[in-house]
Amino acid sequence: MFKSNNDMSKNEYVTNVNLVSRISEGTIVRGEVISSNDLRIDGKFEGSICSEGKVVIGESAEVNADITCVNVDVWGKAKGCFTVKDILSIKSGCSVDGDLKVRRLAIELDSSFNGTCKMITEQEYDAAYTAKSKKMQV
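Notes on the structure follow.

Conventions adopted
Residue positions are given per chain, counted from 1 along the sequence in the order it is written. Under the rules for a predicted model, residues below a pLDDT of 70 receive no local features and side-chain atom pairs below 80 are neither given nor counted, while totals for whole chains, interfaces and linings still include all residues. For side-chain calculations, the full set of non-hydrogen atoms in the structure is used, while hydrogens and water are omitted. Here a strand is any run of E in DSSP of at least two residues, a helix any run of H or I of at least four, and the numbering for each starts at the N terminus. Only protein chains enter the accessibility calculation, which uses a 1.4 Å probe. A residue is then buried if its area is under 20% of the maximum for its type, exposed if over 50%, and partly exposed in between. Whether two residues are in contact is decided by their heavy atoms: any pair within 4.5 Å suffices. In these tables, accessible area is a Shrake-Rupley quantity obtained with a 1.4 Å probe, and a residue counts as shielded only by the protein chains included in the view. Two strands make a pair as long as DSSP finds a minimum of two bridges between them.

**Some thoughts on the overall build of the chain**
Item 1. What the chain contains, in helices and strands, is one helix and 12 strands.
Item 2. Counted from the first residue to the last, the chain has its helices and strands arranged as β-β-β-β-β-β-β-β-β-β-β-β-α.
Item 3. In the chain, which comprises 138 residues, the share counted as buried stands at 35%.
Item 4. Intrachain contacts of the chain at a sequence separation of at least 6 include 11% that bridge at least 24 residues.
Item 5. For the chain, the exposed surface amounts to about 8,200 Å²; the carbon and sulfur share of it is 48%.

Rendered as structure tokens:
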């Protein structure tokens, strides 16, 4: 969704906060999440996530998961397998351990990444997303 002023040259991207699912700090969740919207994790999550949106792993988050989504920003601690359609961004001060399958990867200084990384095409992502979402819906 774009917000438009009288000046048509200035368009801003506006996120509807009601369309962002959130796991708050102090909350522990184990299981599977399937979402067509964005997801922000500030607590602890263990399991599997399949999202048509962006996943943000907040500074206080501890995640051990198999994540398939469009984009990921990691600010906290994350372990697992990540299949990302566009960009996985590893922010300064965070740690990521696992196997990455991404189209683009951004790693900031003072972050930690241990694991493997394979660059994939959009078609490879689409096949992986379809297979995972079907498996999770059974």
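**Observations regarding the pairing of strand S7 (residues 54–57)**
Item 1. The pairing of strand S5 (residues 38–41) with S7 spans three bridges and is parallel. Bridge pairing links Leu39 to Val55 in S7.
Item 2. Summarising the sheet, S7 and strand S9 (residues 71–74) pair through four bridges and their orientation is parallel. Looking at the pairing, Val56 lines up with Asp73 of S9.

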